[in-house]
Amino acid sequence: MIIITKPEAPRGSQVFAELMEYLGALKRIRTRVHEEHGAQQTVTEIYLIGDTKSLDMADIQSLPGVDRVVRVSEEYRILGRHADDRRPTYFHYNGIRFGQDTLNIFAGLCAVDTREHVDIMMKALQDSGLNCTRMGAYKPRTNPYSFQGHGKACLPYVFELAGKYGIRVIAMEVTHEAHLEEIQTALEETGRPTGVMLQIGTRNTQNFELLKKVGRQHEFPVLLKRGFGITLEESLNAAEYLASAGNRNVVFGLRGMKTNLGDPHRNFVDFAHVPVVKRLTRMPVCIDPSHSVGSRDRAPDGLLDMFHITAQGVVAGANMILVDFHPQPARALVDGPQALHMSELAHFVEDVGIAREAYEKRVALAEKH
Ligand code: PEP
Ligand code: MN
């Protein structure tokens, strides 16, 4: 059970202290207080943990200082959508809104290779009116002899160029807690020209110690990718690890499942789960058509499979798109075969716009019926 206190009863107030005293006297119930600092106001939530079944909602609701009471199901206590749950389904980061009602495109390099390519990529984004990107510095690779990413060496120029081209948020995978510090240091040293969304890749979805470390910091939001060989429930629980450690600014990423049943795509596209994740949780949902499809194959109608699959996710209400581009895909050090060409960026953005408009029309139609 979660109690949301009235704005006039924040932590430190007399009413709040009396409320905590009352709750403290309840048998077999522990409390945990969480404060959510939004742009407009701070919301204080008191989590009641333990034998809450015996508590009467109406009794708790009538206590002084209580605004609302939400009875949570066992699953996804913090990030879940519970009955009568009107907690927000969005957050803001570096001037960008991430919610179940927005759509942000993160087009960029799977792996940073040269400064010149980062410059070309970011300039193209600015020319297309985009202000988010993806840039891989730390690459988890299947083969130990493959390029592992430039690591912290590339961060200064990546951040500087992002500032130059008005990029507000860079999705960047981290595979070790040390990477957080390296990112923080490089941001500090370059004067914070941009923001970073920490990405947990599919190979680390259940790296619980990494999740706890990333969850304990409040500076950066997190993109958690679904594990490629585990159930949706297990991946959503992984997201809950981040929230239970303290960070609720989490976007959930669908990137396809590893099975030959999806052949000839690299992974079995799972964007049918966009509405499912939005129903079960309050997280915005990201789709990754690049790692799902994994090729530049084209359908007979002239559209790349990647365009079709992106549209499927967007038309179903996806909130973020993570997509690989490269100025010279043939020379990319990672995932070149699935990278879209710079000349395709404007087309991609326009095509996404059509799918988003269709989604908005579908929502409006559903409201009418
Ligand atoms: C990536 O986005 O570069 C990546 C490695 O993705 P995933 O973790 O989904 O394989
Ligand atoms: Mn990749």
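As the structure is a computational prediction, the values presented were derived from the model and not from experiment.

Segmenting the protein into domains produces domain 1 (2-73) and domain 2 (91-368). The centre of domain 1, based on its C-alpha atoms, is set 36 Å off from the matching centre of domain 2. In this assembly, five residues from domain 1 lie in contact with four residues from domain 2. For domain 1, the biggest contributors to the area lost against domain 2 are Arg 32, His 34 and Glu 36; these three give 73% of the whole. Our count for the domain 1 to domain 2 interface comes out at two salt bridges. Between Glu 45 and Arg 248 there is a salt bridge, with its nearest N and O atoms 2.9 Å apart. Listing elements by their share of the side of domain 1 that touches domain 2, those giving two or more residues are strand 2 (29-37) and strand 3 (42-50).

Those protein atoms acting as donors to the manganese ion (ligand 2) are Cys 110 (SG), His 291 (NE2) and Asp 335 (OD), and they sit at 1.9 to 2.3 Å. Taken in sequence order, the residues that donate to the manganese ion (ligand 2) follow the motif C-x180-H-x43-D. On the criterion of sequence distance, the pair formed by Cys 110 in the loop between strand 7 (104-108) and helix 3 (115-127) and His 291 in helix 9 (residues 289-293) is long-range, its members being 181 residues apart. Comparing Cys 110 with His 291, the two get one shared label, buried.

For the rest of this paragraph, the subject is the site of ligand 1. Every residue close to ligand 1 is listed here: Cys 110, Arg 134, Lys 139, Glu 173, Gln 199, Gly 201, Thr 202, Arg 203, Lys 225, Arg 255 and His 291. Separating an oxygen atom of ligand 1 from a side-chain N or O atom of Arg 134 is a distance of 2.7 Å. His 291 is positioned such that a nitrogen or oxygen atom in its side chain is 3.4 Å from an oxygen atom of ligand 1. Contact with the protein chains covers 97% of the free accessible surface of ligand 1, which is 290 Å². Looking at side-chain class alone, the shell around ligand 1 contains one nonpolar, four polar and six charged residues.

This brings us to the nonpolar core. Of all hydrophobic cores here, the largest spans 93 residues; its most connected members are Met 122, Met 135, Val 158, Phe 159, Met 172 and Ile 183. Of the residues that make up this core, three or more belong to each of domain 1 (2-73) and domain 2 (91-368). Beyond its immediate sequence surroundings of up to four residues, Ile 183 is in contact with Tyr 138, Leu 155, Phe 159, Met 172, Val 174, Val 196, Leu 198 and Phe 220. In terms of nonpolar packing, the next biggest core, distinct from the first, is built from 14 residues, Met 1, Leu 19, Ile 46 and Val 69 among them.

Calculation notes
- Residues numbered from 1 in each chain as written.
- Chains lettered and ligands numbered in written order.
- Predicted model: local features only at pLDDT ≥ 70, side-chain atom pairs only at ≥ 80, totals over all residues.
- Heavy atoms only, no water.
- Domains from an automatic or database assignment.
- Contact = heavy atoms within 4.5 Å.
- Buried area = accessible area lost by both parts, 1.4 Å probe.
- Salt bridge = Lys/Arg side-chain N within 4 Å of Asp/Glu carboxyl O.
- Helix = DSSP H or I, 4+ residues; strand = E, 2+ residues; numbered from the N terminus.
- Donors = N, O, S within 2.8 Å, 3.2 Å for Na, K, Ca; no water.
- Buried < 20%, exposed > 50% of the residue type's maximum accessible area, 1.4 Å probe, protein only.
- Near = heavy atom within 4 Å.
- Polar contact = N/O pair within 3.5 Å; in protein donor to acceptor, adjacent residues only side chain to side chain.
- Areas by Shrake-Rupley, 256 points an atom, 1.4 Å probe, with all protein chains shown as cover.
- Nonpolar A, V, L, I, M, F, W, Y, C, P; charged D, E, K, R; others polar.
- Core = buried A, V, L, I, M, F, W, Y, C linked by side-chain atoms within 4.5 Å.

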